[in-house]
Structures are given as C-alpha cells and as structure tokens.
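These are the residues of each chain, in order.
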Amino acid sequence: MRAEIIAVGTEILLGDIVNTNAQMISLGLDELGIDVFYQTVVGDNPERLKEVLEIARGRSDLIITTGGLGPTLDDLTRETIAEAFGKKLVLHKPSLRRITAFFDQIGKQMTQNNVKQAMLPAGCKVLDNDWGTAPGCAFEADGVHVLMLPGPPKECTPMFHTAGMAYLAKLAGGVIVSHNIRIFGMGESAMEDRLHELMESSTNPTLAPYAKDGECLVRVTAKAETIEVAERLLEPVVRQVCDTLGDVVYGIDVESMEHAMAKLLTEKGLTLSVAESCTGGLLSKRITDVSGASKFYKGGACTYCNEIKMKVLGVKKETLDEFTAVSSQTAREMAQGIAMAYGTDLGIGITGYAGPDGGEDGTPAGTVYIGLYYQGKTQVRRILSPRGRERARWDAANNAFDMILRVVEGRKLI
C-alpha cells in the first residue's frame, strides 16, 4: 500500500509546534510493511485541505490525517474530508456519551460545540479516544482508505498504536508481531556493526535498530498468517540477537530501564533508597513514575550541599575535604549512608558536575560518580557526559538503573 500522511494545523506551519505525529505514524507503518510515499502539512483552511486531499487520493491507497478534530470553528478536518469523499456526517451517540462522561468526570460543563466531535462519517469504523474528547475514525471510499486521528500527540500516539494499527494490520494482510530488545552500554554504530550480517540476511523477520535517550533498541518484526506462526519466526532471531549482543541486553518488550528494574526488585523482594546531588531528584522521579514502585522503593534524599551530605547520609568531613564532593569516595559513602539510614537492601549515591561548569580542580563538566551499595559491598562507576546539563543528569540516572540491574542479576559491572 502507498500511504500519505497529512497533518492539519496552522501552528505546525508557523513552527509553533513540531510535527512529531508524522514520525510516530511513519515508524508504525514501517512495522506493518506499509510504505509512506508522501507527508504534507496544511493549515486550518478547508479550501487548501480539499486541494491536498484531491492530490492525495489520486496517488495514495491510504491517507492518514492528524489534527482538526477539535470543537472550535477552525477544526474542520472531519467536515472537509466527509465532503471530499461524499460521506454524510451523522451523530455517533456512543461517542457523544463518552464525551459527556469525560466532562462529568473532570467536573466541567460540556459546551454545545463539543457535540460536533461526535459527528462522524456514516458507516465509518470509530476509533475510541480514551485520552481526550475527539474520537478518530476510518473508512474506505473509491478504493482509498482514510484514517482520521486527533492532533495532540498524547491522544494521537496511543490511539494509533492501539486502534489504528489494528485496523491497518487487517488491510496489510495477515498479522504483524514485533519484539523490542532493549540495550544499554553499547552505542548504535557498534550495535549495528555486530548485527550487520544478520540484518542484511533477514527478510522476515526484519531487524530495525534505534537509538534514543542514551540507550538503543532493536525491533524484530515478523509478518505471518497467524500470531502463532509469527512468534515461531521471531523466536530464533530474537535469541540470536541477544546472543550476539551479550549482556548489554537488559530486557525484551520492557518499557524502560526503570520498568525493568522495578520488575526485578519486586520479584526479588529487594528494597531501594537513593541519595542524589547533581540529578536533583530525577532518579527518584523516574522510579516513582513506575506504577507499584512503593513495593520496593522506600525513599530518597536530595543532598545538594556538603552539610546535608554529612548530616543525613553520614558522609565524613574528611572525605569531602580530601577528595571533594564530586569523587568516587563521596559517592561510595552516599550510597552506604542512604542504605543504612533507610534500612534498604540497595542504596544509590549520585554526585557530579552536571554542567555547564566543571570543578575548580579541573574536573570536566559532565563528570558523575554513581555509587551502589548491595549485600555489604559498594561499587562506584564514573561516567563523563559532556553534552549539556539535562543529558548528564539523564545519563547518570540510566547508569544507576544499569548498575542495579547488573548487580542484582549477577552480570559483570562494567
């Protein structure tokens, strides 16, 4: 199938927001084996949208639109597409009930203009919106399939990945099944180099490498008549990828490093506490973003100054005077101190220079020490992340998760 993505929104043309929806949809279509030939952005103007739709229907089998499904006067995607394809808009009562219930739930009065969001093309497949008010929909006309999605990424992304991809998988024929292999501790180029021959030789399943936020991912995707057949195709390839990459693989089909760590500590019945300096609470935030974190996470301390490091964590004044606050010795005592103070099986201590400045002793910005206390032993990892303050803090948290996963699983700590 030849696909075209049309983003509707003057704010995208003006540069006020970035069109992240197009990237997300393109990646999803790639998984389904559907080729994206064109991407278009058009403002909130019905005449220009009609022109774009006429061009698209003449060259594409599938048109996916984002945006313009809201309740305001300039939200005209639904009406314009219905007119262009000769579809009558009718009130979809289940969607209206969902919209009404949404406003009841948040305790606000629904205005009349929200009713237009429940006006959908007759005979369409309705895509429920569990993340906002505007339902999506899909229909076929004159051999062209049209899929309408809301514009806000927090609504568009989950709707596409659930209802949208399920609808399109049927059009693509058969089923598409993917497994995501998560990697930390190896760069994208090194990962791709190791997998190069396998990637070249694999046609079904296919391998697609990605890099984001300091870690990597390999998505292995198979297409088959049934889920069972697809899984049989995937199993040896997933195993081969894991064997090839070795212990940098930290999980398969896990959402993130913190989710993998949460699952492991919960299963092992272990508890964790953290002491942070340069990360300023980021590690605690990421831990508590995971539902059920209270089962293993007992708490954290943001010990930004030396006085608090000494009072709360028991870091020795002599250590700070001799080695400074940013040192392996201080990270070690922070990890031990928080574990003792909170009575946990594991303790993490993070201290460093996030930037833009480094230490007075010449220590470069982005230098961070992470200490991990577990079973009476404390180990320290030093990292250098010189790509800005935010990235240094994120990398420090990632490394803390990696250390916990490796030590508890019995893997070598690199």
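As a reminder, the structure under discussion sits directly above these lines.
Below is a short write-up of the structure.

**Some words on the pattern of salt bridges**
Step number 1: Counted under the stated rule, the structure contains 23 salt bridges.
Step number 2: A salt bridge links D61 to R2, with the shortest nitrogen-to-oxygen separation between them at 3.3 Å. Within this pair, whereas D61 is found in the loop between α3 (46-59) and β3 (62-66), its partner R2 is found in strand β1 (residues 2-8), the two being separated by 59 residues in sequence.
Step number 3: Residue D61 is classed as partly exposed on the basis of its relative accessible area of 25%.
Step number 4: Where R78 meets E79, a salt bridge forms, and the shortest distance between an N and an O atom there is 4.0 Å.
Step number 5: Taking the relative accessible area as the measure of exposure, R78 reaches 1% and is therefore buried.
Step number 6: Here the salt bridges do not stand alone but share partners, grouping D247, R381, D402 and R406 into one network.

**Concerning the sheet that holds strand β8 (residues 144-149)**
Step number 1: Taking strand neighbours across the sheet as the criterion, the 6 strands line up as β2-β1-β3-β8-β7-β6 in an open arrangement whose pairing is mixed. Looking along the sheet, the strands with just one partner apiece sit at the ends: β2 (35-42) and β6 (125-127). For this sheet, the mean angle separating the axes of adjacent strands, direction not counted, is 15 degrees.
Step number 2: Sheet topology places β6 next to strand β7 (residues 136-141); 3 bridges connect them, and they run antiparallel.

**A short note on empty space enclosed by the protein**
Step number 1: The tally for this structure, following the rule as stated, stands at 1 cavity of 30 Å³ or more.
Step number 2: The volume enclosed by the largest cavity comes to roughly 40 Å³.
Step number 3: Together, V8, G43, D44, N45, P46, L49, D74, L76, T77 and T80 line the largest cavity.
Step number 4: Listing elements by their share of the lining of the largest cavity, those giving two or more residues are α3 and α4 (77-84).
Step number 5: When grouped by side-chain class, the residues that make up the lining of the largest cavity number 4 nonpolar, 4 polar and 2 charged.

**Let's talk about α3**
In an α-helix, one turn spans 3.6 residues; hence positions three or four apart end up facing the same way.
Step number 1: Given a rise of 1.5 Å per residue, 14 residues ought to cover 20 Å, and the 20 Å separating the end C-alpha atoms of α3 matches this to within 8%.
Step number 2: Restricting attention to buried positions, one finds in α3 the residues L49, V52, L53 and A56. In an axial view of α3, the angular spread of the buried residues amounts to 105 degrees, which keeps them on one side of the axis. Exposed and oriented more than 90 degrees from the buried face of α3 are E51 and G58.

Cut-offs used in this document
- Residues numbered from 1 in each chain as written.
- Predicted model: local features only at pLDDT ≥ 70, side-chain atom pairs only at ≥ 80, totals over all residues.
- Heavy atoms only, no water.
- Salt bridge = Lys/Arg side-chain N within 4 Å of Asp/Glu carboxyl O.
- Helix = DSSP H or I, 4+ residues; strand = E, 2+ residues; numbered from the N terminus.
- Buried < 20%, exposed > 50% of the residue type's maximum accessible area, 1.4 Å probe, protein only.
- Pairing = 2+ DSSP bridges.
- Axes fitted to C-alpha atoms, helices over the stretch in contact; angles between N-to-C directions.
- 1 Å grid on protein atoms, 1.4 Å probe; cavity = no way out; pocket = protein on both sides within 12 Å on 5 of 7 lines; lining within 4 Å.
- Points joined across faces, edges and corners; volume = space filled by probe spheres on them.
- Nonpolar A, V, L, I, M, F, W, Y, C, P; charged D, E, K, R; others polar.
- Expected span 1.5 Å × (residues − 1).
- Arc of directions from axis to C-beta.

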